[in-house]
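Descriptive analysis of the structure
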Amino acid sequence: MAMWIMTRLYPSAMSVHSSVKSPILCQYASQSQSQVAVVNGKAGSRVSEWNEIRLGLPSKGRMSADTLDLLKDCQLSVKQVNPRQYVAEIPQIPNLEVWFQRPKDILRKLLSGDLDLGIVGLDTVSEYGQGNEDLIIVHDALEYGDCHLSIAIPKYGIFENVNSLKELAQMPQWTEEKPLRIATGFTYLGPKFMKDNGFKHVTFSTAEGALEAAPAMGIADAILDLVSSGTTLRENNLKEIEGGVVLES
Ligand SMILES: Nc1ncnc2c1ncn2[C@@H]1O[C@H](COP(=O)(O)OP(=O)(O)OP(=O)(O)O)[C@@H](O)[C@H]1O
Ligand SMILES: O=P(O)(O)OC[C@H]1O[C@H](OP(=O)(O)OP(=O)(O)O)[C@H](O)[C@@H]1O
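Residues numbered from 1 in each chain as written. Chains lettered and ligands numbered in written order. Predicted model: local features only at pLDDT ≥ 70, side-chain atom pairs only at ≥ 80, totals over all residues.

Under an unreviewed UniProt entry, the name given to the chain is ATP phosphoribosyltransferase, and the organism recorded is Quillaja saponaria. Per UniProt, the chain carries the Catalytic activity (unreviewed entry) text "1-(5-phospho-beta-D-ribosyl)-ATP + diphosphate = 5-phospho-alpha-D-ribose 1-diphosphate + ATP". (UniProt positions renumbered as here; feature names shortened; annotations may be inferred.)

Looking now at the sheet that holds strand 9 (residues 202–205). Within a sheet, neighbouring strands are paired by backbone hydrogen bonds and run either parallel or antiparallel to one another. Pairing in this open sheet of five strands is mixed, and the strands run 9-8-10-7-11 from one edge to the other. In the strand order of this sheet, the two ends are held by strand 9 and strand 11 (238–248), each with one partner. Strand-to-strand twist of the sheet, defined as the mean angle between neighbouring strand axes without regard to direction, takes the value 30°. Taken together, the four bridges between strand 8 (residues 180–184) and strand 9 define a ladder with parallel strand orientation. Bridge pairing in strand 9 links R181 to T203. (Pairing = 2+ DSSP bridges. Helix = DSSP H or I, 4+ residues; strand = E, 2+ residues; numbered from the N terminus. Axes fitted to C-alpha atoms, helices over the stretch in contact; angles between N-to-C directions.)

Right, let's get into the sheet that holds strand 2 (residues 53–58). Pairing in this open sheet of six strands is mixed, and the strands run 3-4-2-5-1-6 from one edge to the other. Looking at the sheet topology across the chains shown, the edges are occupied by strand 3 (87–89) and strand 6 (135–139). This sheet shows a mean twist of 35° between the axes of neighbouring strands, independent of strand direction. Strand contacts of helix 2 (residues 62–73): strand 1 (2–7), strand 2 and strand 5 (117–121), with the helix running at about 125° to strand 2, the strand carrying the most contacts. Each of strand 1, strand 2, strand 4 (96–101), strand 5 and strand 6 touches helix 3 (residues 103–112); the most contacted strand, strand 5, lies at about 140° to it. (Contact = placed C-beta atoms within 7 Å.)

Our next topic: helix 6 (residues 189–196). Taken residue by residue, helix 6 has L189, G190, F193 and M194 as its buried positions. Buried residues of helix 6, seen end-on, are gathered within an arc of 125° and therefore sit on one face of the element. Across helix 6 from its buried face, at more than 90 degrees, point the exposed residues K195 and D196. Summarising the contacts, the buried residues of helix 6 are in contact with helix 4 (122–129), strand 7 (148–154), strand 8, strand 9, strand 10 (222–227) and strand 11. Looking one or two residues beyond helix 6, the residue adopting positive phi is G198, at roughly 80°. (Buried ≥ 20, exposed ≤ 12 C-beta atoms within 10 Å, placed from the backbone. Arc of directions from axis to C-beta.)

What follows is about the site of ligand 1. Near ligand 1 you find 15 residues, and of these G61, G121, C147, L226 and S228 are the closest. Every element with two or more residues in the shell around ligand 1 is listed here: helix 2, helix 3 and helix 4. (Near = placed C-beta within 6 Å.)

Looking now at the UniProt feature "domain: ATP phosphoribosyltransferase catalytic" (unreviewed entry) in the chain. Under the present numbering, the feature "domain: ATP phosphoribosyltransferase catalytic" (unreviewed entry) in UniProt falls on residues 102–246. Strand forms 28% of residues 102–246 and helix 28%; the C-alpha atoms that close the span are 23 Å apart.

A few words on the nonpolar core. Among the nonpolar cores identified, the biggest contains 52 residues, and I5, V125, I153, A222 and I223 are the most heavily contacted of them. Here this core takes five residues from strand 1, the largest share from any one element. Of the residues that make up this core, three or more belong to each of domain 1 (2–139) and domain 2 (148–248). (Core = buried A, V, L, I, M, F, W, Y, C linked by C-beta atoms within 7 Å. Domains from an automatic or database assignment.)

Around ligand 2, the neighbouring residues are G209, A210, E212, D225, L226, V227, S228, S229, G230, T231 and T232. Those elements that place two or more of their residues in the shell around ligand 2 are strand 10 and helix 8 (231–235). When residues of the shell around ligand 2 are assigned to their parent elements, the largest contribution, three residues, is made by strand 10. The class makeup of the residues in the shell around ligand 2 is three nonpolar, six polar and two charged. (Nonpolar A, V, L, I, M, F, W, Y, C, P; charged D, E, K, R; others polar.)

The next thing to look at is the domain arrangement of the chain. Its domain assignment divides the chain into domain 1 (2–139) and domain 2 (148–248). The interface of domain 1 with domain 2 comprises seven residues on the first partner and seven residues on the second. Across the side of domain 1 that touches domain 2, the residue classes tally to three nonpolar, two polar and two charged.

Our next topic: the pairing of strand 8. Summarising burial for strand 8: four of the five residues are buried, a large majority. The β-α-β motif built from strand 8, the intervening helix 6 and the parallel element strand 9 has right-handed crossover chirality. Pairing analysis gives three bridges linking strand 8 to strand 10, with the strands arranged parallel. Looking at strand 10, one finds that A183 is bridged to I223. (Right-handed = clockwise from strand over helix to strand, strands pointing away.)

On to the pairing of strand 7. Two strands pair when backbone bridges link them, and strand 7 and strand 10 are joined in this way by five bridges, in the antiparallel orientation. Across the sheet, the residue bridging to S150 is D225, located in strand 10. As paired strands, strand 7 and strand 11 are joined by six bridges and run antiparallel to one another. Opposite H148, over in strand 11, you have E248 as the bridge partner.

Quick look at the structure:
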């Protein structure tokens, strides 16, 4: 699920929100969802040198059009002077500057202090925010971008009768010499989830996409990836298992 986030060290951002009369009026939501473990938080590493509040919006991909639609529904029109540039304004909020960035980069730039506010999915906040307490979730359910981060295993072979995380953990195949191999783009959340669930013999590999191919290619035993319709898993003979959902996004 897409959500508004901001950095704690920019209280002036609140005035932007509190002046917006729309369904996205900010509320401090529970932060527990994003508080995992702080590894390398850099939020507020420098104080902003600009007067405007900087809002990061997804530049392309799944979240982009829906995010602009949400703002439009709130009577907030995002005006881009040049479509090949990445800066825009929302005339209704004069002291706000919009910057289009990839979701992962929105998170990185919030952490470095180069953006003050952003809209991204919970999976992005959790993976790249790593529980940093300087990231504040302002609105945790904007009602689009629904998906979940889940473990999936082949439907066939040694996994045919494995239907839960517990059964996966109890398989005698996983040893120190031959651990369970998981392919994932979530290299922070993945190891944390497996450790929290008692897996001792597990290794991770990563790729930029098309992770569902990894079991068929013999590269991994399982994958950890985002699922929305479930079509990609089905078409690749993979299945989700009980207890295997890391987060609902
Ligand atoms: N089926 C899905 N697969 C991936 N992300 C999804 C899906 N459904 C909703 N989302 C949301 O969309 C976000 C990804 O958006 P987008 O594709 O724009 O990002 P991206 O940075 O281009 O991702 P990537 O580099 O992994 O392709 C996810 O973080 C998630 O919150
Ligand atoms: O459950 P579904 O509706 O099938 O969606 C899930 C798929 O969508 C995403 O991939 P994307 O389309 O971004 O391509 P990618 O694998 O190259 O990242 C995600 O990584 C899954 O592979």
